[in-house]
Amino acid sequence: MAETAYLNGEFLTPETACVPVMDRGFLFGDSCYEVIPVYDGQPFLLDAHLDRFARSLAALDIADPMSREVWNEVLGELVQRCGAGDALIYAQVTRGISAIRDHAAVSGLKPTVFAMAKPFPGMAAADIERGLTAITLEDIRWQRCDIKATTLLANVLARKQAASEGADEAILIRDGRVTEGAASNVFVVLNGLVVTPPKTNEILAGITRDFILELAAGDGIPYAEASVDAGDLEQAEEIWISSSSKEVMPVVRLNARLIGDGKPGAVWRRVRDLFSAHRSGTAFTEQTGS
Ligand code: PDD
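In this text the structure is predicted, and so the values were computed from the model without any measurement.

1. Some remarks on the pairing of strand S7 (residues 132-138)
Part 1: Taken together, the three bridges between S7 and strand S14 (residues 247-254) define a ladder with parallel strand orientation. Residue Thr 133 lies in a different strand from S14, and its bridge partner there is Arg 253.
Part 2: Pairing geometry for S7 and strand S8 (residues 169-174), over five bridges, is parallel. Within the sheet, the bridge partner assigned to Leu 137 lies in S8 and is Leu 172.

2. A look at the environment of Val 186
Part 1: Following the sequence through the fold, Val 186 ends up in strand S10 (residues 185-190).
Part 2: Look at Val 186 and you get buried, because its relative accessible area is 2%.
Part 3: If we ignore the near neighbours within four places in the chain, the residues touching Val 186 are Ile 171, Val 178, Glu 180, Gly 181, Val 195, Thr 196, Pro 197, Ile 239, Trp 240 and Ile 241.

3. Some thoughts on the pattern of salt bridges
Part 1: Per the counting criterion, the structure on display carries 21 salt bridges.
Part 2: The partner of Arg 52 in a salt bridge is Glu 34, with the nearest N and O atoms 2.8 Å apart. Placement of Arg 52 in helix H2 (residues 46-59) and of Glu 34 in strand S3 (residues 31-39) is noted, with a sequence separation of 18 residues between them. When sorted by exposure, Arg 52 lands in the same class as Glu 34, which is buried.
Part 3: Put simply, Glu 169 and Arg 159 hold a salt bridge, and the shortest N to O gap is 2.8 Å. A residue pair is termed long-range when its members are at least 10 positions apart, and Glu 169 in strand S8 and Arg 159 in helix H5 (residues 153-164) qualify at 10 residues.
Part 4: What emerges from the salt-bridge pattern is a single network uniting Asp 139, Arg 141, Arg 174 and Glu 180.

4. Remarks on the packing of helix H6 (residues 207-219) against helix H8 (residues 266-278)
Part 1: Closest axis-to-axis distance for the H6/H8 pair is 10 Å, and the angle between their directions is 105°. The angle between the axes of H6 and H8 places the two elements in the roughly perpendicular class. Contacts between H6 and H8 involve Thr 208, Phe 211, Ile 212, Leu 215 and Asp 219 from the former and Arg 270, Val 271, Leu 274, Phe 275 and His 278 from the latter.
Part 2: For the contact of H6 with H8, the per-class residue count stands at six nonpolar, two polar and two charged.

5. Focus on the site of the ligand
Part 1: Close contacts around the ligand come from 18 residues, with Tyr 33, Arg 52, Glu 180, Thr 208 and Ser 244 the closest.
Part 2: The contact in question runs from an oxygen atom of the ligand to an N or O atom on the side chain of Arg 52, over 2.8 Å.
Part 3: Expressed as a share of its isolated accessible area of 470 Å², the protein-covered part of the ligand is 89%.
Part 4: The site holding the ligand turns out to be the largest pocket.
Part 5: Put simply, the parts of the chain that give the shell around the ligand at least two residues each are S3, strand S9 (177-181), H6 and strand S13 (238-243).
Part 6: Broken down by class, the residue content of the shell around the ligand amounts to six nonpolar, nine polar and three charged.

6. Notes on the sheet that holds strand S6 (residues 112-119)
Part 1: Pairing in this open sheet of six strands is antiparallel, and the strands run S2-S1-S6-S5-S3-S4 from one edge to the other. This sheet does not close on itself; its edge strands, each paired only once, are strand S2 (10-12) and strand S4 (42-43).
Part 2: One ladder, built from eight bridges, connects strand S5 (residues 87-94) with S6; its direction is antiparallel. Paired with Gln 92 across the bridge in S6 is Phe 114.

Conventions and cut-offs
Residues numbered from 1 in each chain as written. Predicted model: local features only at pLDDT ≥ 70, side-chain atom pairs only at ≥ 80, totals over all residues. Heavy atoms only, no water. Pairing = 2+ DSSP bridges. Helix = DSSP H or I, 4+ residues; strand = E, 2+ residues; numbered from the N terminus. Buried < 20%, exposed > 50% of the residue type's maximum accessible area, 1.4 Å probe, protein only. Contact = heavy atoms within 4.5 Å. Salt bridge = Lys/Arg side-chain N within 4 Å of Asp/Glu carboxyl O. Axes fitted to C-alpha atoms, helices over the stretch in contact; angles between N-to-C directions. Parallel < 35°, antiparallel > 145°, perpendicular 65-115°, else oblique. Nonpolar A, V, L, I, M, F, W, Y, C, P; charged D, E, K, R; others polar. Near = heavy atom within 4 Å. Polar contact = N/O pair within 3.5 Å; in protein donor to acceptor, adjacent residues only side chain to side chain. Areas by Shrake-Rupley, 256 points an atom, 1.4 Å probe, with all protein chains shown as cover. 1 Å grid on protein atoms, 1.4 Å probe; cavity = no way out; pocket = protein on both sides within 12 Å on 5 of 7 lines; lining within 4 Å. Sits in = over half its atoms within 2 Å of the grid points.

What follows is the structure, given as structure tokens:
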């Protein structure tokens, strides 16, 4: 099934969806977004994603252009149009189009609303078993990484650097501490304890991250939301990354050094199994909102 898009009230294909160059999303990255996984036609943790979207919009002082009900309708329609199987939704709101290019936005602009859905079968089992490779890089991003803004240049450059070194992800280090991946949250297993950095302005509060912690709590897996030193990456028995598109993936090689025995670890495997068992979506029509 084809990729489908929605732009300001109209359904169309991503190739034909056009935004004027005076859109502040284009000129300034003055915009925020969400990526939402869909399993078997049903969105996963949609309310949590739309809550975070609302927080990002509020941080940018952009009024949410659609009610929760209309978001559910639009995203549900998009998923139907792309085949209602396993999919990924991308949704973005920009501050809108202004007559002149000026950093200071005039108030009262009409936000641009864009969304698209694409069929997404997920990672192949063999690739998951092979695990990912990562490098560490200095985190040169701004102080509001908690906002899911489209202004992602530092993340893009980090991923580019990782790719040029043959790695899948860059794990970012600020002041000697792990923050997150270029497009993921980071977990380490240290002496059997699962540790992930706390939710601060330095990281995105990942929806997948929170779900993993819930799974760990429910299964009695010891975990902590605590600072992870760069040096801990050297000691870690396991390193994982998480995101809406990657779920939870093991990192088996960091900076060309094997993690553990270079194979996905036992704690990851347990969490991964729990994830697969609990990742069912909820119908768009049954979303409660918040
Ligand atoms: N990115 N941190 C960053 C910087 C991210 O870009 C992402 C996800 C995450 C994980 O968040 P979540 O579990 O809510 O997806 C953490 C998405 C997938 C993207 O930009 O495509």
